[in-house]
Amino acid sequence: MKKALTLFVALLISSLTMAQGQRPPHRPHFNPAEFKARVEAYITEHAHLCPDEAKRLFPLYHEMKQKQREAMGKVYKMRKNHKHPASDSDCTKAVETMMECNVEQAKIEANYYKKMCKVIPACKVFGVKMADDAFHREMLQEFGSKRK
C-alpha cells in the first residue's frame, strides 16, 4: 500500500514537473483540478460519504496529501540530482533519507487519520482509506494501459 501511494505521488510530481517543458503529442496534459475532483468523487462514492461528511473531510484529506508530498520532496531532489549515488556512503545516506521520508509520511498519515476520526465516524475514515488506495491502484492501471 505504501509503495503504491509513494509511486502515485512520484507520478503526480513527475506529471507536474513535465507540465513545464515540452510534452510528447500523444500524452494528455495533467489537470490537477480535474484529478482532485475525480479523487473526491471516487472516495465520496466508495466510502459512502454524505455531502456534509465530504465537506468536513476533504480539507483535511488534501492537507494531508500536500504535507506528504512535501515530505517526499527530499527524495525527489535526491533522485533528480543523483541518478545513482557514487559511493557506498552516498548510498547509505540516500537509503536513510528515503526511510526518514517514509516514516515522516506515516506519521503525517496517522496524525491526519486521527483528525478525520473527529469529523466523521471511524468506519467512514476506514472506507476513505480503502477507497483512496483503490483509486490510486486504478489510476496506476489506467496510466499503464495508456502507455501501451
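Relevant structure appears above.
A quick note: this is a predicted structure, and the numbers were derived from the prediction, not measured. (Residues numbered from 1 in each chain as written. Predicted model: local features only at pLDDT ≥ 70, side-chain atom pairs only at ≥ 80, totals over all residues. Heavy atoms only, no water.)

1. What about a positive patch on the surface?
- A contiguous patch of positive charge on the surface is contributed by Lys-67, Lys-114, Lys-115 and Lys-118.
- Among the elements that line the positive patch, the one with the most residues is helix H5 (residues 88-119), at three residues.
- Assessed through its relative accessible area of 59%, Lys-114 is described here as exposed. (Patch = residues over 30% accessible without salt bridge, like charges linked within 9 Å, V, L, I, M, F, W, Y side chains within 5 Å. Areas by Shrake-Rupley, 256 points an atom, 1.4 Å probe, with all protein chains shown as cover. Salt bridge = Lys/Arg side-chain N within 4 Å of Asp/Glu carboxyl O. Lys, Arg positive; Asp, Glu negative; His and termini not counted. Charge placed at Lys NZ, Arg CZ, Asp CG, Glu CD. Helix = DSSP H or I, 4+ residues; strand = E, 2+ residues; numbered from the N terminus. Buried < 20%, exposed > 50% of the residue type's maximum accessible area, 1.4 Å probe, protein only.)

2. Considering the packing of aromatic side chains
- Within the structure shown, the criterion is met by three aromatic pairs.
- For the pair Phe-58 and Tyr-61, a centre-to-centre distance of 5.9 Å together with 85° between the ring planes defines the contact as edge-to-face. In this pair, Phe-58 and Tyr-61 are both assigned in helix H3 (residues 51-71), three residues apart and thus about one turn of the helix distant. Comparing Phe-58 with Tyr-61 shows no difference in burial state: the two are buried.
- Within the aromatic cluster, the residues linked to one another by ring pairs are Phe-35, Tyr-42 and Phe-135.
- Lys-115 extends its terminal NZ or CZ atom over the ring of Tyr-112, reaching a point 4.4 Å from the ring centre. (Phe/Tyr/Trp six-rings, centres within 6.5 Å; stacked < 30°, edge-to-face > 60°. Lys NZ or Arg CZ within 6 Å of the ring centre and 35° of its normal.)

3. Focus on the nonpolar core
- In terms of nonpolar packing, the biggest core is built from 25 residues, with Ile-43, Leu-49 and Met-116 touching the most fellow members.
- Listed by contribution, the elements that provide at least two residues to this core are helix H2 (32-46), H3, H5 and helix H6 (122-147).
- Residue contributions to this core peak at seven residues, all from H3.
- The residues contacting Leu-49, other than those within four sequence positions of it, are Ile-43, Thr-44, Ala-54, Leu-57, Phe-58, Ile-120, Lys-124 and Val-128.
- Formed by six residues, the second largest nonpolar core is a distinct cluster that contains Val-75, Tyr-76, Ala-94 and Cys-101. (Core = buried A, V, L, I, M, F, W, Y, C linked by side-chain atoms within 4.5 Å. Contact = heavy atoms within 4.5 Å.)

4. With respect to H2
- Its 15 residues place the ends of H2 21 Å apart at the C-alpha level, agreeing with the 21 Å of an ideal helix rising 1.5 Å per residue.
- Every buried residue belonging to H2 is among Phe-35, Val-39, Tyr-42 and Ile-43, and all of these are buried. Down the axis, H2 shows its buried residues gathered within 95° of arc, on one side only. For H2, the exposed residues set more than 90 degrees away from the buried face come down to Ala-33 and Glu-45.
- Phi turns positive one or two residues past the end of H2, at His-48, with a value near 55°. (Expected span 1.5 Å × (residues − 1). Arc of directions from axis to C-beta.)

5. Section: the pattern of salt bridges
- As enumerated under the stated definition, the model contains six salt bridges in all.
- A salt bridge links Arg-38 to Glu-142; the shortest N-O distance between them is 3.2 Å. Taken as a pair, Arg-38 in helix H2 and Glu-142 in helix H6 lie far apart in primary sequence, 104 residues in all.
- Look at Arg-38 and you get partly exposed, because its relative accessible area is 34%.
- Shared partners join several salt bridges into a network, and the residues in it are Glu-109, Lys-129 and Asp-133.

6. Notes on the environment of Ala-134
- Relative to the elements of secondary structure, Ala-134 occurs in helix H6.
- A relative accessible area of 17% means that Ala-134 is categorised as buried.
- Distance from Ala-134 to Tyr-42, taken between C-alpha atoms, is 9.3 Å for residues 92 residues apart in sequence.

7. Examining H5
- With 32 residues, H5 extends 47 Å from end C-alpha to end C-alpha; this agrees with the ideal 46 Å at 1.5 Å per step.
- For H5, the complete set of buried residues consists of Ala-94, Cys-101, Gln-105, Ile-108, Glu-109, Tyr-112, Tyr-113 and Met-116.

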